[in-house]
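Take a look at the letters that make up each chain.
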Amino acid sequence: VKNGTKFEKVLVKTDYRHFINQFQKQEPMNMRELEVLFSQSELVELFSSHILLDSRLELSSEFSRTIGYFSLTSTESTYPKLKEKKILILGAGAIGTHLAWQLAATGISKLIILDFDQIELSNLNRQLLYQHRDIEQNKVEILKKRLGEIFPELIVDVLHKRLSDLNDVREIVDSSFDLVVKAIDTPNEMTDWIGQV
């Protein structure tokens, strides 16, 4: 039950003790039981406002809060579809590291991260997951390692490569990606190149 006030307005019948008992036990109810308690218009209201959910929430899983959020804001199939998206992140610096962590924390199961650079001391205050012991190591390798430590189910493929021109972008970016994120700032033409591809 998401909204107690709205819930009380909908429950105008006196015969909802069974529903409350089921709710307190956190047991699911089938549609036949619900149809005995509520009119069609009440059921539409309860489901459309996400007071009642059409799937059971797994509250003990790693991504339970994300699943809960999606159950309250979208359809049941949205989260599983989102999880399976294949995302390419171009750049493992300040934006790329934060974004990679946030996508992994959302439950995305596959990331491809491209960067050519090594970690420097000046990176540590803005590039999430890098530490002093990582200085002079490849950014993509360390990012893959740290993400794997936090999210063991996450698949991370890395490309230690510099993109220098439009042909380089064409070699990397293809239609198999659901999303391509530009998190690199050089060369200056990179935004145009990615847009063209």
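Below, the structure is looked at part by part.

The number of helices and strands found in the chain is ten helices and four strands. Per-residue burial for the chain yields a buried fraction of 37% across its 197 residues. Long-range pairs, those at least 24 residues apart, make up 55% of the contacts in the chain with a sequence separation of at least 6. A total accessible area of about 12000 Å² is found for the chain, and carbon and sulfur atoms account for 51% of it.

Relative to the assigned elements, L163 resides in the loop between β3 (155-160) and α9 (166-172). Take L163: its relative accessible area is 4%, and that puts it in the buried class. For L163, the residues in contact, after removing those within four places along its chain, are L90, L114, D168, V169, I172, I184, P187 and M190.

A side chain of one charge can pair with a side chain of the opposite charge when the charged atoms of the two come close. By the definition in use, this model includes four salt bridges. Residue D117 is joined to K139 by a salt bridge in which the shortest nitrogen-to-oxygen separation is 3.8 Å. Linking D117 in the loop between β2 (110-115) and α8 (139-150) with K139 in helix α8, this pair joins segments that are 22 residues apart in sequence. Between R146 and E149 there is a salt bridge, with the nearest N and O atoms lying 3.8 Å from each other. Of the two residues, R146 and E149 are both situated in helix α8; the distance of three residues between them amounts to about one turn of the helix. Note on R146: relative accessible area 4%, which makes it buried. Among the charged side chains, a network of salt bridges with common partners joins D134, R146 and E149.

Here we take up the sheet that holds strand β1 (residues 86-90). Read from one edge to the other, the open sheet built from four strands follows the order β3-β2-β1-β4, with strand pairing classed as parallel. Strands at the two margins of the open sheet, each flanked by one partner only, are β3 and β4 (179-182). Looking at each pair of strands side by side, their axes are set apart by 15° on average, direction ignored. Packed onto the sheet, helix α7 (residues 94-106) meets β1, β2 and β4 and runs at close to 165° relative to β1.

Here we take up helix α4 (residues 40-48). Of the residues making up α4, those classed as buried are E42, L43 and L46. Each buried residue of α4 lies within a common arc of 100° when the element is viewed along its axis, so the set occupies one face. Exposed residues pointing more than 90 degrees away from the buried face of α4 are listed as Q40, S41, V44 and S48.

What counts and what doesn't
- Residues numbered from 1 in each chain as written.
- Predicted model: local features only at pLDDT ≥ 70, side-chain atom pairs only at ≥ 80, totals over all residues.
- Heavy atoms only, no water.
- Helix = DSSP H or I, 4+ residues; strand = E, 2+ residues; numbered from the N terminus.
- Buried < 20%, exposed > 50% of the residue type's maximum accessible area, 1.4 Å probe, protein only.
- Contact = heavy atoms within 4.5 Å.
- Areas by Shrake-Rupley, 256 points an atom, 1.4 Å probe, with all protein chains shown as cover.
- Salt bridge = Lys/Arg side-chain N within 4 Å of Asp/Glu carboxyl O.
- Pairing = 2+ DSSP bridges.
- Axes fitted to C-alpha atoms, helices over the stretch in contact; angles between N-to-C directions.
- Arc of directions from axis to C-beta.

All we've got here are geometric facts, nothing functional implied.
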